[in-house]
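# Inside the fold
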Amino acid sequence: MKRISQSFAVLSDRVFGALAGDEVGLLSVEAETSDFVRLSRGRVRQAGSVEQAYLGIELARGQRHAAATVALSGDVEIDARRAIEVLDELRPLLAELPEDPYFCYDSSDAREEACDDAPGLAAREQALAAIFDAAGDHDLVGIYAAGPVFRGFASSRGRFLASEQHSFNFDFSLHENGARAVKGSYAGYRFEADELARRVADAASKLALLSRPAREVAPGGYRVYLAPAATAELLQMLSWGGFGLKSWRTKQTPLLRLVEGQRELDARVTLHEGRSGGSDGAKAHLQFDNFGFRKPEHLTLVSAGKIGEPLVSARSAAEFDATPTGCGTGESPSALSLEGGELAIADAGAAVGDGLYVGNLWYLNYSDRSACRITGMTRFATFWVEGGEPVAPVTAMRFDESIYDALGPKLVALTRERELLLDADTYGQRSTASICVPGLVVDDFTLTL
Amino acid sequence: MPASLAQRFKDALPAGADYCSLRFVSSRDERLSVRQGIVQPAWRHEDAGAMAFVVDGAGAGYAATSDLSLGGLSRAFADAARWARLARERSLVDHAAIHWPAPRGDYRSPVERRWQDLSLADKLALLGEVAEPLHPDERIVDWEASLWWSRVEVCYLTSHGAEATQHIETIVPNLSAVAHEGGETQIRSFGGGAICRQGGLEVLDAVGYREAAPRVAEEALALLAAPNCPEMQCDLLVAPDQMVLQIHESIGHPLELDRVLGDERNYAGTTFVTPEMFGSYRYGSELLDVTFDPTLPGEMASYGFDDEGAAAERCYVIRRGVLERGLGSVISQQRLGLPGVACARATSWARPPIDRIGNLNIEPGDASLDEMIASVQRGLFVRTNCSWSIDDSRNKFQFGCEWARLIEDGELGALVKNPSYRGVSATFWRNLARVGDRSTYEVLGSPYCGKGEPNQVIRVGHASPACLFRDVAVFGGMD
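Just so you know, these numbers come straight off a predicted model, no measurement behind them.

## Quick look at the overall build of chain B
A tally of helices and strands in chain B yields 10 helices and 24 strands. Against the 2.2 N^0.38 benchmark of 23 Å for 479 residues, chain B shows a C-alpha radius of gyration of 24 Å, consistent with a compact globule. The C-alpha extent of chain B, read off along each of the three principal axes, is 70 × 55 × 35 Å. Going through the 479 residues of chain B one by one, you find that 60% of them count as buried.

Following this line, the structure appears as structure tokens:
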């Protein structure tokens, strides 16, 4: 940690030393070293490592500003020379660009660092051995990703933020007879082979049920239990444009009727955005945007069924005269948590009675944004429940349901226990987002195809 | 390619490896936009790095780095070799048996007017002019015009003497108008992001970018007053900017051979297509001709070679409705013993190649748009995708569009909002009743196709005429 953070500090000093007159410089770094092992049929499909680091450079003079991102080589001298060249390229652009009324950044000189002093990752050989031991003869498919992730911000005004996490994420599924599967994951900061084996064994224990003949379910309304992973999919869909101030003010949020007070959700629905997903035990790390704004300790996005506070990017803060919440320009939550309810997870089957246990949802999208209606598919371990007991797997079904209904009058119960899920996304870089959610029992959940 | 890269590659090769390759990728992206008359932050991203790939017996490994010095490449090859050794006893693929292509040559996107030939100030002025008609009255609550330009240079070197270079330039113009009144919001865009091409600034004229804004705004406002699309079983006429998604999700992904092989089962999914279907399975009606064509000039995913060196060629994937071949790279072809295409592609130097869709096109037929409309008694004409969802075996789909008009007794009827339709891939294409002619044909695509573990987003091309389907379930929003 100290080495990367110190390199970033040295690089920042070199770059800021090249600023002229009243210029302001903002630097941000996103860097990671990752091991990726892709598995299929319990064997290695692709394995390798990636070292990547990108430096964002923003040059400002008053409200005029220009930005570029470049790849870093890891050699501070080479990288500093390149960054100063970029400054020289951006400088003449300031004359071509108009003043930007919505440009703002944290102009303080506060410095904060969060250091993962005792990384608990396994060597790649040990991690792979643990996976193969746990997988046995199972048809295991998935990916193991591990390594440090660094984020940094520095301004020529003296603001300095640095955060490094060492994390792993083993995202897998076990398949039976080719067509049906159960999903599992083991993610965190301290790798333990025994815990990995327990997770794989837990998933494997569901395979016997999956091997039974599949039950065809006709379109219609069913009482369903949405396991935490399925609940997470619904909320992540809402996170796409639902909670950002820009989407509120430009009337594009799918939660517009909630925002404008025309609809409410069930009073048991309270959603938070926090630094680490609530009381999840995740290692403390700093979260901040590329303009030096820290994410607040806690925001309540939905409070007892009513709309709460929005997520506000630096730009929206200036445009709509609000306080920035340290989120990116997409204004999406990165540590969402839904408060739990009263139902013991062990009683979820009984609460369903006859209906469906949905392990995961998949490929969600809005089918009617104004009504906050979402469509998507069931996937992985989804079972027909009879008399409170899962009795047979069901074929993948399409649902189409309004959130105002599913989290409104159709909401029967939320489970007391919640599950912390660390995001396995690796688009461009390894995600550091998380979500902490209970399971839900929903009545008359609409299946269409 | 940096002049000394080939020499550094030779000097960095590890001793004793059975096969090695180096894929060097540098890129530059720029995004400009004007929103509500205000220039948004100009975004520029430069990237450069290389992926070292090593085969050791059955095993293979990769290591990607942005340290392009001899030391950096040597460390990457050593790390890749370590991965290859680690994988050789548990490798799914027998990499020793793969017949690695040995390409030599160069590919360049066709560019007539270079992006750099217009100054930043002039490009912003263009966007300002284009965006202005997006806001005819106060019911338009948000509006924006944007351009995304990208240049990617790839150099592919192998230990058996291959050397191929590619220079790809793309441009993605967009417009959007958000209309709102009485609690109702409707969004109209310039093709929903599907209007994207290889080329330079000449693409803007080719796709009518400068003239489109008044229509975009007018249609957004008209949708505010339109009724919801009715729920009915009817004929469906699909414009090319919705055909893009229909082709992509229910032909492209199901035919990827790595899905057939099961590699994507944990993330992107599997497919209803099985190996024995190739050569005989009736995928669609006799009117359905689908080509994989990385040679079409200007289409988004044209190239000379894939990222494992296979030479790009145009192939029929579906001919007269019958499935002929899948979208699988050299490795997938050898694993399955089936023909495929040159489609091993990686999103950047930091990700390994996997089977991708590329340019997947529907060949034009013989019907004009008017003829197709005239042939419909009761139907719906849809444009511009705005919602997409399909199951993990790529069968049960549901798509939403920005715009639609009813078709009644052979004529276009009322505008309707929130149009959606759903179906099943395995039967939907068999109901293809008419295929539009060249006058309805558009070369489109998407910069955003997501897949793979680790995840990769990549550009794809889909050229298509308008197409008419019988007996489709359509519906609208909730009143």
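## Examining the overall build of chain A
Within chain A, the regular secondary structure consists of 12 helices and 18 strands. For a compact globule of 449 residues, the expected C-alpha radius of gyration is about 22 Å, and chain A comes in at 24 Å, within 12% of that figure. Projecting the C-alpha coordinates of chain A onto the three principal axes gives extents of approximately 75 × 55 × 35 Å. Out of the 449 residues belonging to chain A, those deemed buried represent 56%. The contacts in chain A between residues at least 6 apart in sequence include a share of 73% that link residues at least 24 apart.

## Considering the domain arrangement of chain A
Residues and elements named next belong to chain A. In terms of domains, chain A is made up of domain 1 (2-209) and domain 2 (212-447). Measuring from the centre of the C-alpha atoms in domain 1 to the corresponding centre in domain 2 gives 25 Å. Counting residues at the interface gives 36 residues for domain 1, matched by 29 residues for domain 2. Broken down by secondary-structure element, the contributors of at least two residues to the side of domain 1 that touches domain 2 are β1 (24-40), β4 (111-114), β5 (139-155), β6 (160-176) and β7 (180-188). When residues of the side of domain 1 that touches domain 2 are assigned to their parent elements, the largest contribution, 7 residues, is made by β7.

## Description of helix α5 (residues 213-225) of chain B
Residue and element names in this part refer to chain B. Along α5, the residues that are buried comprise A213, V216, A217, E219, A220 and L223. Buried positions in α5, seen along its axis, are confined to an arc of 165° and lie on one side of it. Contacts made by the buried residues of α5 are with α3 (120-131), β6 (140-158), β7 (163-181), β8 (184-189), β18 (396-408) and β19 (411-416).

## Considering the packing of helix α1 (residues 5-12) of chain B against helix α2 (residues 70-87) of chain B
All names here are of chain B. Where α1 meets α2, the axes come as close as 9 Å, and the angle between the chain directions of the two elements is 45°. Between α1 and α2, the angle falls in the class oblique. In this structure, the crossing between α1 and α2 has a hand that is right-handed. Residues R8, F9, D11 and A12 of α1 form the contact with α2, whose own contacting residues are L70, L73, S74 and F77.

## Concerning the interface of chain B and chain A
It is common to give the size of an interface as the accessible area that goes away when the parts come together. Contact with chain B, which involves 64 residues of that partner, is made by 71 residues of chain A. Note that strand β2 (residues 43-61) of chain A and strand β4 (residues 59-65) of chain B share 4 bridges and pair parallel. Within the sheet, the bridge partner assigned to A:S49 lies in β4(B) and is B:A63.

## A closer look at the nonpolar core
Membership of the largest hydrophobic core comes to 284 residues, with the highest contact counts inside it found for B:A52 and B:A80. Looking at which element gives the most residues to this core, the answer is β5(A), with 10 residues. Those residues in contact with B:A52 that lie beyond four places of it in its chain are B:L22, B:Y62, B:A63, B:L73, B:A76, B:F77 and B:A80.

## Regarding the domain arrangement of chain B
Residue and element names in this part refer to chain B. On domain assignment, one finds that chain B holds domain 1 (5-225) and domain 2 (232-475). Computed over C-alpha atoms only, the centres of domain 1 and domain 2 are separated by 21 Å. Across the boundary between the two partners, domain 1 contributes 45 residues, which contact 36 residues of domain 2. Among the elements that line the side of domain 1 that touches domain 2, the one with the most residues is β7, at 5 residues. Among the residues making up the side of domain 1 that touches domain 2, the classes are represented as 26 nonpolar, 13 polar and 6 charged.

## Let's talk about the confidence of the model for chain B
Overall, the prediction assigns chain B a mean pLDDT of 97, with 99% of residues at 70 or greater. Two numbers describe this predicted complex: its pTM, 0.96, and its ipTM, 0.96.

## Structural notes on the environment of B:G340
All names here are of chain B. Along the chain, G340 falls in the loop between α8 (330-336) and β14 (344-345). Along the backbone, G340 and F292 are 48 residues apart, and their C-alpha atoms lie at a distance of 9.9 Å. Residues in contact with G340, not counting those within four places in the same chain, are L257, R325, G326, L327, G328, S329, S332 and Q333.

## Focus: the packing of helix α4 (residues 124-135) of chain A against helix α5 (residues 193-204) of chain A
Residue and element names in this part refer to chain A. At a minimum axis distance of 9 Å, the contact between α4 and α5 shows a crossing angle of 35°. Along this stretch, α4 crosses α5, giving a crossing that reads as right-handed. The residues of α5 that touch α4, namely those facing A130, I131, D133, A134 and A135, are A193, L196, A197 and V200.

## A word on the pairing of strand β9 (residues 271-274) of chain A
Residue and element names in this part refer to chain A. With burial as the criterion, each face of β9 is covered, one bearing L271 and E273 and the other bearing H272 and G274. Direction of pairing for β9 relative to strand β12 (residues 335-338): antiparallel, over a ladder of 3 bridges. Following the sheet pairing, E273 is matched in β12 by L336. Pairing of β9 with strand β10 (residues 298-303), which is carried by 4 bridges, proceeds in the antiparallel orientation.

## Observations regarding the pairing of β5(A)
Residues and elements named next belong to chain A. Of all 17 residues in β5, 15 are buried; the element is thus mostly enclosed. Sheet topology places β1 next to β5; 12 bridges connect them, and they run antiparallel. In the sheet register, R38 faces β5, and the bridge partner there is I143. Linking β5 to β6, which pair antiparallel, is a turn of 4 residues; within it G158 sits at a positive phi near 110°.

## Let's talk about the environment of A:E32
Residue and element names in this part refer to chain A. Turning to its location among the elements, E32 is positioned in strand β1. Judged by the 23 C-beta atoms lying within 10 Å of it, E32 is buried. Along the backbone, E32 and A53 are 21 residues apart, and their C-alpha atoms lie at a distance of 6.4 Å. In contact with E32, not counting residues within four places along its chain, are Q52, G147, P148, V149, F150, Q429 and R430.

## Remarks on unusual backbone geometry
Generally, phi is negative for residues other than glycine and the peptide bonds are trans, each holding for most cases. In this structure, the amide linkage connecting B:E453 to the following residue, B:P454, adopts the cis form with an omega of 0°. With respect to the helices and strands, B:P454 occurs in the loop between β22 (442-451) and β23 (456-464). The residue A:D321 is not glycine, and still its phi comes out positive at about 55°. Tracing the backbone through its elements, the reader meets A:D321 in the loop between α10 (314-320) and β12. Positioned with a positive phi, B:R320 is a non-glycine residue whose angle comes to about 50°.

## Looking at α1(B)
Residues and elements named next belong to chain B. All buried positions along α1 are accounted for by R8, F9 and A12. Considered in projection along α1, the buried side chains sweep an arc of 105° and stay on one side of the axis. Looking at α1, the residues exposed on the side facing more than 90 degrees away from the buried face are Q7, K10 and D11.

## Regarding the sheet that holds strand β11 (residues 290-292) of chain B
All names here are of chain B. In spatial order, the strands read β13-β12-β11-β16; together these 4 strands make up an open sheet with antiparallel pairing. Taken across any chain shown, the strands that pair with only one partner, and hence form the sheet edges, are β13 (322-323) and β16 (360-362). When β11 meets β16, the two strands line up antiparallel, connected through 3 bridges. Paired with F292 across the strands is L360, a residue of β16. Those strands touched by helix α6 (residues 240-252) are β11 and β16, and its axis lies near 115° from that of β16.

## Focus on the confidence of the model for chain A
For any part of a model where pLDDT is low, the fine detail of the predicted coordinates should not be relied upon. Across chain A, the average pLDDT comes to 94, with 97% of residues at 70 or higher. Note on residues 276-281 of chain A: pLDDT is under 50 here. Beyond four places in sequence and across chains, it has 16 contacts.

Rules behind the numbers
Residues numbered from 1 in each chain as written. Chains lettered and ligands numbered in written order. Predicted model: local features only at pLDDT ≥ 70, side-chain atom pairs only at ≥ 80, totals over all residues. Helix = DSSP H or I, 4+ residues; strand = E, 2+ residues; numbered from the N terminus. Rg over C-alpha atoms; globule rule 2.2 N^0.38 Å. Buried ≥ 20, exposed ≤ 12 C-beta atoms within 10 Å, placed from the backbone. Contact = placed C-beta atoms within 7 Å. Domains from an automatic or database assignment. Arc of directions from axis to C-beta. Axes fitted to C-alpha atoms, helices over the stretch in contact; angles between N-to-C directions. Parallel < 35°, antiparallel > 145°, perpendicular 65-115°, else oblique. Left-handed = near helix turned anticlockwise from the far one by under 90°. Pairing = 2+ DSSP bridges. Core = buried A, V, L, I, M, F, W, Y, C linked by C-beta atoms within 7 Å. Nonpolar A, V, L, I, M, F, W, Y, C, P; charged D, E, K, R; others polar. pLDDT = per-residue confidence, 0-100.

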